[in-house]
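The chain contents come next:
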Amino acid sequence: MAARPPQQDTSSPDSVEFGIAALVGHLDRAEVEFPATEDEIVRALGDPDVPYDAAGNTVALSEAMEALPKRDFDSESELLDLLHPVFEEYRVSTGGSLLGRLRSILPF
């Protein structure tokens, strides 16, 4: 079972937000009102690249949202709950690759 990334604890300069924690930061700065569609969310956030692991690998929000089973979201919580396994899948799939392992040990 996968653990969710750290949530909004940026008091430490060494903390790295990724996955839904990083997306929450974008949502907090944007003017998104729920219910909202995929297009409204992506447009309001400017289709940011969202880091999905501590190594700094990213995926465009629009690409991550393509994997979701629905295009309309009643709340921010629903959106985040649906996106969490998508970001986790990106993290797991990249972590085992040679490039993923190199990125995890080399500072970028």
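Calculation rules
- Residues numbered from 1 in each chain as written.
- Predicted model: local features only at pLDDT ≥ 70, side-chain atom pairs only at ≥ 80, totals over all residues.
- Heavy atoms only, no water.
- Helix = DSSP H or I, 4+ residues; strand = E, 2+ residues; numbered from the N terminus.
- Buried < 20%, exposed > 50% of the residue type's maximum accessible area, 1.4 Å probe, protein only.
- Polar contact = N/O pair within 3.5 Å; in protein donor to acceptor, adjacent residues only side chain to side chain.
- Contact = heavy atoms within 4.5 Å.
- Core = buried A, V, L, I, M, F, W, Y, C linked by side-chain atoms within 4.5 Å.

### Brief notes about the side chain of Asp-53
For step 1, the next point in the chain: With respect to the secondary-structure elements, Asp-53 resides in the loop between β2 (49–51) and β3 (58–60).
For step 2, the next point in the chain: With a relative accessible area of 9%, Asp-53 lands in the buried category.
For step 3, the next point in the chain: Polar side-chain contacts of Asp-53 include one of 3.1 Å to the backbone nitrogen of Gly-56.
For step 4, the next point in the chain: A distance of 2.6 Å separates a polar atom in the side chain of Asp-53 from a polar atom in the side chain of Asn-57.
For step 5, the next point in the chain: The contacts of Asp-53, once residues within four sequence positions are left out, are Phe-18, Arg-91 and Thr-94.

### Quick notes on the nonpolar core
For step 1, the next point in the chain: Judged by nonpolar contacts, the single largest core of 24 residues is most densely connected at Leu-23, Ile-41, Leu-61, Met-65, Leu-83 and Phe-87.
For step 2, the next point in the chain: Those elements that provide at least two residues to this core are α1 (20–29), α2 (38–45), α3 (61–66) and α4 (76–95).
For step 3, the next point in the chain: When near neighbours in sequence (up to four residues on either side) are disregarded, Phe-87 contacts Gly-19, Ile-20, Leu-23, Val-50, Tyr-52, Val-59 and Ala-64.

### A look at unusual backbone geometry
For step 1, the next point in the chain: Put simply, Phe-34 and Pro-35 share a cis peptide bond, and its omega is 5°.
For step 2, the next point in the chain: Turning to its location among the elements, Pro-35 is positioned in the loop between α1 and β1 (36–37).
For step 3, the next point in the chain: One non-glycine residue, Asp-47, lies in the positive phi region at around 50°.
For step 4, the next point in the chain: If you trace the backbone, Asp-47 turns up in the loop between α2 and β2.
For step 5, the next point in the chain: Residue Asp-47 is classed as partly exposed on the basis of its relative accessible area of 28%.

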